[in-house]
Amino acid sequence: MTTTKTTTPVVQLQAITREFAGSVAVDSIDLTVRRGEFTALLGPSGCGKTTTLRMIAGFLPPTSGTILLDGQDATTLPPERRNIGMVFQSYALFPHLTVEKNVAFGLRMRGVPSAEIRTRVAEVLDLVGLAHLAGRKPKELSGGQQQRVALARAVAIRPSVLLLDEPLSNLDARLRVQMRQELLRVQRETGLTAILVTHDQEEALELADNMVILDRGRIVQQGPPREVFRAPATRFVAEFLGYENFLDLPGRGPVTIRPEHIGVLGPDAEPPAGGEVVEATVTAVRFRGTDFAVTAAVGDRTLHAITTDETLRAGASVRLHLPLGQAIPLPGDDGAARLGKNPRQECPA
Ligand SMILES: Nc1ncnc2c1ncn2[C@@H]1O[C@H](COP(=O)(O)OP(=O)(O)OP(=O)(O)O)[C@@H](O)[C@H]1O
Ligand SMILES: [Mg+2]
């Protein structure tokens, strides 16, 4: 295979491990990020997302492993010699500097001539729609505007990769959705390569070309969001993506069924063909705006379904239709020890 400049990955992590006082925060991660690609790092709190970004940015040396940037070994390169932009969760704007000066900061540090600084700052402020607020101080801005200043500041240096550590988590729901669109637009318009850390699977589904799911320092699954969402490998991944129903089917092993696929049958309703019907007791009904999320007990098991039946109440006896044909297998949880695929299980000695 020939390697050309355009196919050289921007970031390559090879068996990157980071320990803190003997405990492993990041455990032998391999990750490739290509030019123009948006990678989302997801996982529960403490799984190693920020630690991974800090190693890529050069703020934290790995305990072992190799970091390649644009194909060159950069494992021990100091942060200022890596062309990397970073947006932190807290924005980290300089409070005493105007928007314009905040954005210009990285360019000044890099010794860019003042005339060019002026042009570039104007360009990126335009890009994030803040040209008219260039003279304000951060405290005179809304959260969303501050967030855009932080984004503009990181983009201004034209980084070969932009690292975003939960940049949207301080925003309210509406602003978050708006900022997501904004990020996507900036990324498309500038051809930026980005790695986004998020807790939020919806954010990842919307933004990412490659979705990487971490559990306790390890990558447990990665791929295009649709693939990962449609075929989660393990219960951990499925739960993380919001799946709630887990069954062990004789002959098929562990599966998940989406709540919207489970039918809540009225007393006279004829069950659809195929699948299985089980007796259940409704334990909770939660209004979701257009429909209701139903929690029901089937023996000692809990199942989740969606209904539009307004009359359903906790305590009601119902029948649930389980369309087993629509069940999604969780292959990583099935015979995983044998296949050595399930990262949550220790290898047998
Ligand atoms: N400087 C440090 N010293 C000691 N332990 C640390 C340090 N930084 C991180 N850790 C530990 O490493 C693990 C991973 O932390 P990290 O900050 O990468 O998690 P995260 O995935 O970003 O979590 P969150 O979603 O809560 O931000 C955690 O157990 C954390 O306590
Ligand atoms: Mg973090």
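Since we're looking at a predicted model, the values are computed, not measured.

About the criteria used
Numbering of residues starts from 1 in each chain and follows the order in which that chain's sequence is written. For this description, chains carry letters from A and ligands carry numbers from 1, given in the order in which they are written. Reporting in this predicted model follows two pLDDT cut-offs: at least 70 for local features of residues, and 80 or more for side-chain atom pairs to be given and counted; totals over whole chains, interfaces and linings ignore these cut-offs and use all residues. The side-chain figures draw on all heavy atoms in the structure; neither hydrogens nor water molecules are used. For this document, the term salt bridge refers to a Lys or Arg side-chain nitrogen within 4 Å of an Asp or Glu carboxyl oxygen. Counting from the N terminus, the helices are the DSSP runs of H or I reaching at least four residues and the strands are the DSSP runs of E reaching at least two. Burial classes follow relative accessibility: with a 1.4 Å probe on protein chains only, a residue under 20% of its type's maximum area counts as buried, one over 50% as exposed, and anything between as partly exposed. We call two strands paired when DSSP finds no fewer than two bridges between them. Lines are fitted to the C-alpha atoms to define the axes, a helix being fitted only along its stretch in contact, and any angle between axes, read from their N-to-C directions, falls within 0 to 180 degrees. A molecule or strand has a residue near it when one of that residue's heavy atoms lies within 4 Å. N or O atoms within 3.5 Å of each other form a polar contact, as long as, within protein, one can give a hydrogen and the other can take it, and as long as residues adjacent in sequence are counted only when both atoms are side-chain atoms. Using a 1.4 Å probe, accessible areas were evaluated by the Shrake-Rupley method; residue-level cover was limited to the displayed protein chains. Each domain span listed reflects an automatic or database assignment of domains. Think of it this way: a Phe, Tyr or Trp ring, Trp meaning its six-membered ring, pairs with another when their centres are within 6.5 Å, and the plane angle makes it stacked under 30 degrees, edge-to-face over 60, tilted otherwise.

A. Expanded view of the pattern of salt bridges. Tallying each qualifying case throughout the model produces twelve salt bridges. The partner of Asp 70 in a salt bridge is Arg 35, with the nearest N and O atoms 3.4 Å apart. With Asp 70 in the loop between β4 (64-69) and β5 (72-73) and Arg 35 in the loop between β2 (23-33) and β3 (38-42), this residue pair connects regions lying 35 residues apart in the sequence. Classification of Asp 70 by relative accessible area gives partly exposed; the value is 33%. Using a relative accessible area of 44% as the deciding quantity, one classes Arg 35 as partly exposed. Here Glu 123 makes a salt bridge to Arg 158, at a shortest N to O gap of 3.4 Å. Highlighted residues: Glu 123 in helix α3 (residues 114-127) and Arg 158 in the loop between α4 (143-156) and β7 (161-165), separated in sequence by 35 residues. We classify Glu 123 as partly exposed; its relative accessible area is 46%. Overall, Arg 158 belongs to the partly exposed group, its relative accessible area being 46%.

B. Region of the structure containing the sheet that holds strand β15 (residues 292-298). Strand order in this open sheet of five strands is β13-β17-β14-β15-β16, and the pairing throughout is antiparallel. On the outer flanks of this sheet lie β13 (263-265) and β16 (301-307), each paired with one strand and no other. Looking at each pair of strands side by side, their axes are set apart by 45° on average, direction ignored. In this structure, β13 lies alongside strand β17 (residues 317-322), joined through three bridges in antiparallel fashion. Its bridge partner lying in β17, Leu 265 is registered against Arg 319.

C. A look at the site of ligand 1. Close to ligand 1 lie Phe 20, Ala 25, Ser 45, Gly 46, Cys 47, Gly 48, Lys 49, Thr 50, Thr 51, Glu 166 and His 199, which account for all nearby residues. In the model, an oxygen atom of ligand 1 is placed 3.2 Å from a nitrogen or oxygen of the Cys 47 main chain. The separation between an oxygen atom of ligand 1 and a polar side-chain atom of Thr 51 is 2.6 Å. Look at ligand 1: alone it shows 640 Å² of surface, and the protein chains cover 58% of it.

D. The domain arrangement of the protein, seen in detail. Taken domain by domain, the protein holds domain 1 (5-230) and domain 2 (243-332). Using C-alpha coordinates to define each centre, domain 1 is positioned 40 Å away from domain 2.

E. The side chain of Asp 291, seen in detail. Note that Asp 291 resides in the loop between β14 (276-287) and β15. What makes Asp 291 buried here is its relative accessible area of 14%.

F. Expanded view of the packing of aromatic side chains. The tally for this structure, following the rule as stated, stands at four aromatic pairs. Seen in terms of ring centroids, Phe 94 and Phe 105 are 4.5 Å apart; in terms of plane orientation they differ by 55°. Their pairing is tilted. Of this pair, Phe 94 sits in the loop between β6 (84-87) and α2 (99-109) while Phe 105 sits in helix α2; the two residues are eleven residues apart in sequence, bridging distant segments of the chain. Classification of Phe 94 by relative accessible area gives partly exposed; the value is 26%. What makes Phe 105 partly exposed here is its relative accessible area of 33%.

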